[in-house]
Amino acid sequence: MNWEEMTPEQKDALVAEKVMEWRPTLCEATEKDIFYAAESAEKVRIHCSKCGYQDREGIIYRGKIYWVHSVPQPRYTQGMDAAWLVVEKMSEIPTKPWIGELPPNTWFMHYFEKASLWACSAEEAAEEICKAALQALGVDVK
Ligand SMILES: [Zn+2]
């Protein structure tokens, strides 16, 4: 896969699948976590402070706003908050067998050091962390 030709969404989806084993889950927000802004009688903008979910067209039915939602997939390559979840995941001691001599967490440290994060902007660092994790797991990203 040519990393440079992928969209941010494709990169985030690849990291979600290959590194994080991410699955959609229902947000456990309660009503106090939800902010509404009515845009018209039918349209309402919903923002969840717990998971960051945003919806321009929340559902209003018989005057009641429905806000049950799935937690959005984190944007791993777009910011250090989400990228650090990748670091934490890749720092775990492996619980599954791996292919090759060294475990993925050891390879991750190797690629992490090679990425020279001190020379990166925050956005570049998030991308480099994600690339290091994918490479450590044997995903061919250039
Ligand atoms: Zn939420």
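Keep in mind that what you see is a predicted model, and the values were worked out from it rather than measured.

Reading the values: the criteria
Residues numbered from 1 in each chain as written. Predicted model: local features only at pLDDT ≥ 70, side-chain atom pairs only at ≥ 80, totals over all residues. Helix = DSSP H or I, 4+ residues; strand = E, 2+ residues; numbered from the N terminus. Buried ≥ 20, exposed ≤ 12 C-beta atoms within 10 Å, placed from the backbone. Contact = placed C-beta atoms within 7 Å. Axes fitted to C-alpha atoms, helices over the stretch in contact; angles between N-to-C directions. Parallel < 35°, antiparallel > 145°, perpendicular 65-115°, else oblique. Left-handed = near helix turned anticlockwise from the far one by under 90°. Nonpolar A, V, L, I, M, F, W, Y, C, P; charged D, E, K, R; others polar. Pairing = 2+ DSSP bridges. Domains from an automatic or database assignment. Expected span 1.5 Å × (residues − 1). Core = buried A, V, L, I, M, F, W, Y, C linked by C-beta atoms within 7 Å.

### Notes on the overall build of the protein
Piece 1. A count of helical and extended segments in the protein gives four helices and five strands.
Piece 2. Counting from the amino terminus, helix and strand elements in the protein follow one another as α-β-β-β-β-β-α-α-α.
Piece 3. Each principal axis of the C-alpha atoms in the protein carries an extent, and together these give about 60 × 30 × 25 Å.
Piece 4. Here the protein holds 142 residues, and the buried ones make up 20% of them.
Piece 5. Here the contacts in the protein between residues at least 6 apart in sequence split such that 52% fall between residues at least 24 apart.

### Re the packing of helix H2 (residues 80–91) against helix H4 (residues 122–136)
Each pair of packed helices gets described by two things: the angle between the helix axes and the distance between those axes.
Piece 1. At a closest axis distance of 9 Å, the pairing of H2 and H4 adopts a crossing angle of 25°. Judged by the inter-axis angle, H2 sits roughly parallel to H4. Handedness of the crossing formed by H2 with H4: left-handed. From H2, Met80, Ala83, Val86, Val87 and Met90 reach across to H4, where they touch Ala122, Ala125, Ala126, Ile129, Cys130, Ala133 and Ala136.
Piece 2. For the contact of H2 with H4, a count of residues per class yields 12 nonpolar, no polar and no charged.

### Looking at the pairing of strand S1 (residues 34–38)
Piece 1. Along S1, only zero of the five residues are buried, which leaves the element largely exposed.
Piece 2. In sequence, S1 turns back onto strand S2 (residues 44–48) through a hairpin of five residues.

### Here's the deal with the pairing of S2
Piece 1. In terms of strand pairing, S1 meets S2 through five bridges, oriented antiparallel. Paired with Ala38 across the two strands is Val44, which belongs to S2.
Piece 2. Of the pairings in the sheet, the one linking S2 to strand S3 (residues 54–55) comprises two bridges and is antiparallel in character. The residue of S3 that forms the bridge with Ile46 is Asp55.
Piece 3. The antiparallel pairing of S2 with S3 creates a hairpin that spans five residues between the two strands, and Gly52 there sits at a positive phi of about 85°.

### As for the domain arrangement of the protein
Piece 1. Its domain assignment divides the protein into domain 1 (3–22 + 74–136) and domain 2 (31–66).
Piece 2. The C-alpha-based centres of domain 1 and domain 2 are spaced at 33 Å.

### Structural notes on H4
Structurally, the α-helix is built with 3.6 residues per turn, so residues lying three or four positions apart point the same way.
Piece 1. The first and last C-alpha atoms of H4 sit 21 Å apart over 15 residues, in line with the 21 Å expected at 1.5 Å per residue.
Piece 2. Of the positions making up H4, those classed as buried are Ala126, Glu127, Glu128, Ile129, Cys130, Lys131, Ala132, Ala133, Leu134, Gln135 and Ala136.
Piece 3. Elements that come into contact with the buried residues of H4 comprise helix H1 (8–18), H2 and helix H3 (104–114).
Piece 4. Two residues or fewer past H4, Gly138 is found with a positive phi of approximately 85°.

### A few points about the nonpolar core
Piece 1. With 17 residues, the main nonpolar core has Val15, Ala83, Val86, Phe108, Ile129, Cys130 and Ala133 as its most contacted residues.
Piece 2. Residue assignment for this core shows that the elements contributing at least two residues are H2, H3 and H4.
Piece 3. By residue number, the principal contributor to this core is H4, which donates seven residues.
Piece 4. If sequence neighbours within four positions are ignored, Ala133 has contacts with Val15, Val19, Val86, Met90 and Phe108.

### Considerations on the environment of Trp3
Piece 1. Turning to its location among the elements, Trp3 is positioned in the segment before H1.
Piece 2. Separated by 34 residues in sequence, Trp3 and Ala37 place their C-alpha atoms 38 Å apart.

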